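The chain contents come next:
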Amino acid sequence: MTTDTRDLVIPAGHARMWRMRAGQRVSIAQTEGHQVGDFIAFNAADLTEFLSPSHTRRCIHRYLVGKGHTLYTNHREPIVEIVEDTIGVHDILAAACDPYRYRRDFGVENHRSCRMNFVEALAEHGVPDWRVPDPVNLFQNSPVLPDGTYASAASLAKAGDYVTLLARMDLIAACSACPQDLAPTNGGRLSDLVVRLDAPAAAR
Ligand SMILES: [Zn+2]
C-alpha cells in the first residue's frame, strides 16, 4: 500500500490536535528526552465519547499500560491500541496539570498547563476546561510504591523514544508537551514532541 507521512511538531509546553481514521497509526516521539506528553482522544462522530483512563483501568484490569494494550472510552469501546512502545513507562492515574496545580502547589499564577493547552488546541470544537477528559500521560514516570503511595519522578524517556498508537475508530486526538517545570516530571527541561501520522493514501 502506498503511504505517506507528515510530521507535526508539538512545541515544548504547548499542545496540538489532529484527526485519525480507524486503522491509522500515529507515533509520538521524544526529541531531547524526559518529556511527558499528555494524550487525549475523542470519537470524531460524538465528542461525548472519549478515551477514559478510569474505564481503561477497569476494562483491562491494569493501572500500567504499554505495548499490546488497548485503551478504552467512557462507553467501554476500544479507541486506540499501543502497538509500539520503546519506553514502557507511562501513567494512567494522574490528572492533567492545570492552573489549580500551579497555584495551589507552587504559588504560581498564569503558568501554562496541559488542561488549558487542550482548551487551546481544541478551540474549534469549543471544549471548555471542565470537559477536557483525564489524559493518558505518555512517558510519565509516576510509580505506585508498595506502601500505596504514588511518586512523581522524572520521565525515563530518552531522545528518540516513541509510542505508536493504532486508531480503533475515527477520532480527534490531542497531545500536550507538558509544561511542568516546577516538579521533576520532565527532567527539569521542557522539549518538543514530534507526531508522525501515517496516512494511508486511500484515507486522504
Ligand atoms: Zn502537564
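Everything that follows concerns the structure shown earlier in this document.
All of these numbers come straight from a predicted model, not from anything done at the bench.

Thresholds, definitions, all that
Residues numbered from 1 in each chain as written. Predicted model: local features only at pLDDT ≥ 70, side-chain atom pairs only at ≥ 80, totals over all residues. Heavy atoms only, no water. Donors = N, O, S within 2.8 Å, 3.2 Å for Na, K, Ca; no water. Helix = DSSP H or I, 4+ residues; strand = E, 2+ residues; numbered from the N terminus. Buried < 20%, exposed > 50% of the residue type's maximum accessible area, 1.4 Å probe, protein only. Salt bridge = Lys/Arg side-chain N within 4 Å of Asp/Glu carboxyl O. Pairing = 2+ DSSP bridges. Core = buried A, V, L, I, M, F, W, Y, C linked by side-chain atoms within 4.5 Å. Contact = heavy atoms within 4.5 Å. Patch = residues over 30% accessible without salt bridge, like charges linked within 9 Å, V, L, I, M, F, W, Y side chains within 5 Å. Areas by Shrake-Rupley, 256 points an atom, 1.4 Å probe, with all protein chains shown as cover.

## A word on the coordination of the zinc ion
Right, on to step 1. In the first shell of the zinc ion, the protein supplies C97 (SG), C114 (SG) and C178 (SG), at 2.3 Å from the metal.
Right, on to step 2. Spacing between the donor residues of the zinc ion along the chain follows C-x16-C-x63-C. Here C97 is found in the loop between β7 (78-85) and α2 (99-106), whereas its partner C114 is found in helix α3 (residues 114-121), with 17 residues between them in sequence. An identical accessibility class is assigned to C97 and C114; each is buried.

## Regarding unusual backbone geometry
Right, on to step 1. Positive phi, close to 60°, is recorded for R76, a residue that is not glycine.
Right, on to step 2. When you line up the elements, R76 lands in the loop between β6 (70-72) and β7.
Right, on to step 3. Among the residues examined, R76 registers a relative accessible area of 48% and is labelled partly exposed.
Right, on to step 4. A positive phi is found at N110, a non-glycine position, where the angle reads about 60°.
Right, on to step 5. In this structure, N110 sits in the loop between α2 and α3.
Right, on to step 6. Given a relative accessible area of 78%, N110 falls into the exposed group.

## With respect to the pattern of salt bridges
Right, on to step 1. Here the structure, examined in full by the defined rule, presents 9 salt bridges.
Right, on to step 2. Of the charged contacts in the structure, one is a salt bridge between D105 and R101, with a shortest N-O distance of 2.6 Å. One end of the pair is D105 and the other is R101, both in helix α2 and 4 residues apart, which spans about a single turn.
Right, on to step 3. Note on R101: relative accessible area 29%, which makes it partly exposed.
Right, on to step 4. Sharing partners across several salt bridges, the network here consists of R101, R104 and D105.

## Notes on the pairing of strand β5 (residues 46-50)
The side chains of a regular strand alternate, residue by residue, between the two faces of the sheet.
Right, on to step 1. With 2 bridges connecting them, strand β4 (residues 37-43) and β5 associate as antiparallel partners. The residue bridging N43 from the neighbouring strand is D46, located in β5.
Right, on to step 2. Between the antiparallel neighbours β4 and β5 lie 2 residues.

## Focus: the nonpolar core
Right, on to step 1. Among the nonpolar cores identified, the biggest contains 32 residues, and W18, I28, F39, L165 and L171 are the most heavily contacted of them.
Right, on to step 2. Those residues in contact with F39 that lie beyond four places of it in its chain are W18, I28, L51, V80, F118, P135, V136, L138, L165, A173, A174 and C175.
Right, on to step 3. V36, A121, L122 and C178 belong to the second largest nonpolar core, which has 18 residues in total.

## Remarks on the pairing of β4
Right, on to step 1. With 7 of 7 residues buried, β4 lies mostly within the body of the structure.
Right, on to step 2. Both faces of β4 are covered, namely the face carrying G37, F39, A41 and N43 and the face carrying D38, I40 and F42.
Right, on to step 3. In this structure, β4 lies alongside strand β8 (residues 136-138), joined through 3 bridges in antiparallel fashion. Among the inter-strand pairings, F39 is bridged to a residue of β8, identified as V136.
Right, on to step 4. Of the pairings in the sheet, the one linking β4 to strand β10 (residues 171-177) comprises 7 bridges and is antiparallel in character. The residue bridging G37 from the neighbouring strand is A177, located in β10.

## Thoughts on a nonpolar patch on the surface
Right, on to step 1. Nonpolar side chains collect at one region of the surface, where Y63, L64, L93, V144 and Y150 lie side by side and expose about 430 Å² of accessible area between them.
Right, on to step 2. Inspection of the secondary structure assignment puts Y63 in the loop between α1 (53-60) and β6.

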